[in-house]
Amino acid sequence: MMKTEQSADFILADSILSGAVTETRTAGYSFAHHLHSSIEIYRILSGECCMTVGSVTIQCRRGDFILILPNVLHSFYLNSDSDCTFIHIHFDPAMFSHIILEDNGVCPTSLIHALLFSSRFYYRIPADSVLDRTLNKLLELQSAHSEHFANAEINILLISMMLHLLNQNSADQLTFSSHQNSYVAYTLNYIEKKYMTKIRQTDIASQLQISVRYLSRLFKDYMGIPLSSYINIYRINRSIELMQKTDLTLTEIALAVGFSNAQHYSKTFINIINEPPSQYRKRLLK
């Protein structure tokens, strides 16, 4: 297989932060299962909360730093006897795909790939002085819209924070070869580019010159879920974005994200989100 090429251009994003606030939620609050393409950060300042991330439920307490990666099903809720105050940040990770950490295989391994490979679904660590300084600076910059070069500084802070997380998590990382890294990186890039059309695992494996069985096993080892499940989750997430940003019908959305018909889309949506797409869309638009 020919080695894939990636543009060397690197442009700092103008509006990478979609939210950076300090919030308080009262006891009993809940936010149902949902997906998004952004990276989400919580820094618990007081109280407790619970999150279901993928198939894991975690209880978060004061001092915890939690980062939830894109395309991961998750929910957030508080029990009946504890309020919770936290820093809450959302940002677009697209820029991270242009930061290449390794280029020794068929496809470069970017910063976003490394984040996915290192944790699969989420990071949860005690907040340290580096994280707290970064988060507080992000809050300050988010409110300083007129400050010169604020967006550039936000970009650099987020890159530095992601590298700090990787270093903190290095002892727990799975050890794979550069070629194995690049196989999974190629597969993730393939899904991102081809999700609107029919995706065959045999086509991906053929491009990589490996067996489908090996590709499937490697992907699950890296990402924690089967390749077919990831493709469905990715498509459902793209469909949720279209619900929010367009007036397309659900049938049009289903076809736009690669499902053969609305029935298959609806069934897959219910299996992943646990409610029909029509009901979910109404809740989004409230």
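Right, let's walk through the structure included here. Values in this document were obtained by computation on a predicted structure and should not be read as measured data.

1. Thoughts on the overall build of the chain
A tally of helices and strands in the chain yields 10 helices and 10 strands. For 286 residues, the compact-globule estimate of 2.2 N^0.38 gives 19 Å, and the chain sits close to it at 19 Å. A total of 286 residues make up the chain; the buried ones form 47% of that total. Put simply, 74% of the contacts in the chain that link residues at least 6 apart link residues at least 24 apart. Carbon and sulfur atoms make up 50% of the accessible area of the chain, which totals about 14200 Å². Side-chain charges in the chain split into 24 positive and 25 negative, and the spacing between the mean points of these groups amounts to 9 Å.

2. Comments concerning the packing of helix α1 (residues 111-119) against helix α3 (residues 150-168)
Close contact between α1 and α3 brings their axes to 10 Å; oriented N to C, the two are set at 35 degrees. Here α1 and α3 pass one another in a crossing that is left-handed. Within the contact between the two elements, α1 uses L111, A114, L115 and S118 and α3 uses I159, M162, L163 and L166. When its residues are assigned to classes, the contact of α1 with α3 shows 7 nonpolar, 1 polar and no charged.

3. Re the packing of helix α4 (residues 178-194) against helix α6 (residues 212-223)
α6 packs onto α4 with a crossing angle of 90 degrees between their chain directions and a minimal axis gap of 10 Å. One finds that α4 runs roughly perpendicular with respect to α6. Residue-level inspection shows Q180, N181, Y183, V184, T187 and L188 of α4 in contact with α6, the latter providing Y214, L215, L218, F219, Y222 and M223. Split by residue class, the contact of α4 with α6 holds 9 nonpolar, 3 polar and no charged.

4. Let's talk about the pairing of strand β6 (residues 74-77)
Working note: regular strand, side chains alternate between the two faces of the sheet. Bridging between strand β2 (residues 30-34) and β6 involves 3 bridges; their strand directions are antiparallel. From the neighbouring strand, H34 faces β6, where its bridge partner is H74. One ladder, built from 4 bridges, connects strand β3 (residues 39-53) with β6; its direction is antiparallel. Paired with M51 across the bridge in β6 is F76.

5. Details of helix α10 (residues 277-284)
Taken as a whole, α10 has its buried residues at P277, Y280 and R281. End-on view of α10: buried residues confined to an arc of 100 degrees, all on one side of the axis. Where α10 is buried, its residues touch β2, α7 (227-245), α8 (250-256) and α9 (262-273).

6. Looking at the side chain of H88
Here H88 is to be found in strand β7 (residues 84-91). Here E40 takes part through its side chain, which lies 2.6 Å from a polar atom of the side chain of H88. Ignoring any residue separated from it by four or fewer positions in sequence, one finds H88 in contact with G19, A20, V21, E23, E40, I41 and Y42.

7. Things to note about the environment of I270
The residue I270 is located in helix α9 in this model. I270 gets classed as partly exposed once you look at its relative accessible area, which sits at 33%. I270 sits 10 residues away from Y280 along the chain, and the two C-alpha atoms are 9.7 Å apart. Ignoring sequence-local partners within four residues, the contact set of I270 consists of E275 and P276.

8. With respect to α6
Its 12 residues give α6 an end-to-end C-alpha distance of 16 Å, which sits within 8% of 16 Å, the value for a rise of 1.5 Å per residue. Among all positions in α6, only L215, L218, F219, Y222 and M223 are buried. The arc that holds every buried residue of α6, seen down its axis, measures 110 degrees, which confines them to one face. If you follow the buried residues of α6, they end up packed against α1, α4, α5 (201-208) and α7. Of the residues flanking the end of α6, it is G224, one or two places downstream, whose phi is positive at about 85 degrees.

9. Comments concerning the packing of aromatic side chains
Under the criterion given, the structure shown has 14 aromatic pairs. Here the aromatic rings of F117 and Y222 are separated by 4.6 Å at their centres, their planes lie at 75 degrees, and the arrangement is edge-to-face. Placement of F117 in helix α1 and of Y222 in helix α6 is noted, with a sequence separation of 105 residues between them. Summarising the burial analysis for this pair, F117 and Y222 share the class buried. Taken together, the aromatic side chains of Y29, Y42, F76 and F86 make up a single cluster linked through ring pairs. Residue placement shows R238 over the ring face of Y234; its charged tip is 4.2 Å from the ring centre.

Thresholds applied
Residues numbered from 1 in each chain as written. Predicted model: local features only at pLDDT ≥ 70, side-chain atom pairs only at ≥ 80, totals over all residues. Heavy atoms only, no water. Helix = DSSP H or I, 4+ residues; strand = E, 2+ residues; numbered from the N terminus. Rg over C-alpha atoms; globule rule 2.2 N^0.38 Å. Buried < 20%, exposed > 50% of the residue type's maximum accessible area, 1.4 Å probe, protein only. Contact = heavy atoms within 4.5 Å. Areas by Shrake-Rupley, 256 points an atom, 1.4 Å probe, with all protein chains shown as cover. Lys, Arg positive; Asp, Glu negative; His and termini not counted. Charge placed at Lys NZ, Arg CZ, Asp CG, Glu CD. Axes fitted to C-alpha atoms, helices over the stretch in contact; angles between N-to-C directions. Left-handed = near helix turned anticlockwise from the far one by under 90°. Nonpolar A, V, L, I, M, F, W, Y, C, P; charged D, E, K, R; others polar. Parallel < 35°, antiparallel > 145°, perpendicular 65-115°, else oblique. Pairing = 2+ DSSP bridges. Arc of directions from axis to C-beta. Polar contact = N/O pair within 3.5 Å; in protein donor to acceptor, adjacent residues only side chain to side chain. Expected span 1.5 Å × (residues − 1). Phe/Tyr/Trp six-rings, centres within 6.5 Å; stacked < 30°, edge-to-face > 60°. Lys NZ or Arg CZ within 6 Å of the ring centre and 35° of its normal.

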